[in-house]
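One-letter residues, chain by chain:
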Amino acid sequence: MTIATTAPETAAQTAADTAATLLAPSPAIDLRWLSEPDMIAAGVTDMAACVDTMSEMFEALSAGDFRMGGENNNSHGAMILFPDAPEHEGMPANADDRRFMAMPAYLGGRFRTAGVKWYGSNTDNRALGLPRSIHVFVLNDKDTGAPLAVMSGNLLSAYRTGAVPGVGARHFARADSRVVGLVGPGVMNRTSLEAFMVACPGLTTVKVKGRGRTSLDAFVGFVHERFPQLDVQVVDTVEQAVRGSDIVSMATTGGTGSATYPRIETEWISPGTFLSLPSYVTFDDDFIANGARTVVDSWGLYEAWAEETPFPHHEAIGIVGNRFTDLVEMGRLERSAVQELGDVVAGRVPGRSSDDEIVLLSVGGMPVEDVAWATTVHRTAVAQGIGTPLNLWTTPALA
């Protein structure tokens, strides 16, 4: 009886073919749904990790390893606004903070993913027990474009927003900082305070100025629960929040035009103060040009806003970095005087230079921040089996 055998080279080829088949790309696409409880379980509220992640994001930003929207690759996003008097039945009318917005980006470094935050905003939501803005985030594979995850986005957005001032505080707040003054008791300053506590654990006192008793009481309750070691002082004016503070954070909304924005007078600011400015605010122009160190999260973001809005740009978007661009265009501030936080994080530019240096950090908010934190949280969720797997298709009907 003859027994057939497989030649060694044939056996090796068979094994290679089998491995190639197993490794061959599949047309099936699975993604992961992460609800808000899933996001919490995967660490979205871990502020220390978020500050570290934002630092990594700024290094990639400084290296140019990113893309955002628009022809300039630096756009904040695309926004849908509504007319004051819609002609069509059912179309929303313009109202305070009513809009839809998409914020897409690609981020390199260790992240190497793309994504988009999509949200609708309406101040009237609060009467329904809803946040002003409701966010979802879609994370995508950088090569195929396939979705990796769809995520609840409110906590994602809130924590990455607060973490950026924390990165700024690491490099610009004095090491002996004890007092933080907050104007606005909402979510933005809650997460900013969490980040300041990561960067400056020696803080002992928080002063807060708000407009409504309900929001102030909620903020005080948050601090007592989250940071019982802090002395909380409710103050009545912006001046009281700023005077004597080592760190100041402005997080309020403003109307249309700089006349409606909150203002900080130069004489209120102590030498050595670090001011984190993620919302609308005005200063004396001479103080900006000659009395403070001016830093932005990304100069390209403000150049993009300058292309998208009429001059003076600060009148359209009250983030103080837009006043920096106005002053540069007016010849009152040298472009080289405006530094980028990413260059500081990357070591290309030094951080605080003296105990008396006053630093203004303009925080505009960028979609690369969402991509960075979403990627980090998603990878934790995958590793720990958190979330709900969803199938987009096994085989696409149109390929």
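Up top you'll find the structure we're talking about.
The shown structure was predicted, so the numbers you read here are calculated from the model rather than taken from an experiment.

A. The arrangement of the overall build of the protein chain in detail. Scanning the protein chain from N- to C-terminus turns up 12 helices and 16 strands. Based on the C-alpha atoms only, the size of the protein chain along its principal axes is roughly 105 × 55 × 45 Å. For the protein chain, buried positions account for 50% of its 399 residues. Within the protein chain, contacts between residues separated by at least 24 positions form 73% of all contacts whose residues are at least 6 apart in sequence.

B. Highlighting the nonpolar core. Counting 99 residues, the largest nonpolar core has L193, I264 and F283 as the members making the most contacts within it. Contacts of L193, omitting those with residues within four sequence positions, involve V180, L182, V206, F219, F222, V223, F227 and L230.

C. Expanded view of the packing of aromatic side chains. Scanning the model with the defined rule gives 8 aromatic pairs in all. On the numbers, 5.5 Å between centres and 70° between planes, the contact of Y302 with W305 is edge-to-face. A residue pair is termed a helical-turn pair when its members lie 3 or 4 positions apart in one helix, as Y302 and W305 do in helix α9 (residues 299-308) at 3 residues. Pair check on accessibility: Y302 and W305 agree, each one buried. An aromatic cluster is built from F82, F100 and W118, whose rings are joined through pairwise contacts.

D. Local environment of helix α6 (residues 213-226). In this model, α6 (14 residues) spans 20 Å end to end at C-alpha, consistent with the 20 Å of a helix rising 1.5 Å per residue. Three or more residues of α6 are buried, namely L216, F219, V220, F222 and V223. Seen along its axis, α6 keeps its buried residues to an arc of 155°; they face one direction. Of the residues in α6, the exposed ones pointing more than 90 degrees away from the buried face are R213, T214 and E225. Check the buried side of α6 and you find it contacts β8 (179-183), α5 (187-199), β9 (205-209) and β10 (231-235).

Cut-offs applied
- Residues numbered from 1 in each chain as written.
- Predicted model: local features only at pLDDT ≥ 70, side-chain atom pairs only at ≥ 80, totals over all residues.
- Heavy atoms only, no water.
- Helix = DSSP H or I, 4+ residues; strand = E, 2+ residues; numbered from the N terminus.
- Buried < 20%, exposed > 50% of the residue type's maximum accessible area, 1.4 Å probe, protein only.
- Contact = heavy atoms within 4.5 Å.
- Core = buried A, V, L, I, M, F, W, Y, C linked by side-chain atoms within 4.5 Å.
- Phe/Tyr/Trp six-rings, centres within 6.5 Å; stacked < 30°, edge-to-face > 60°.
- Expected span 1.5 Å × (residues − 1).
- Arc of directions from axis to C-beta.

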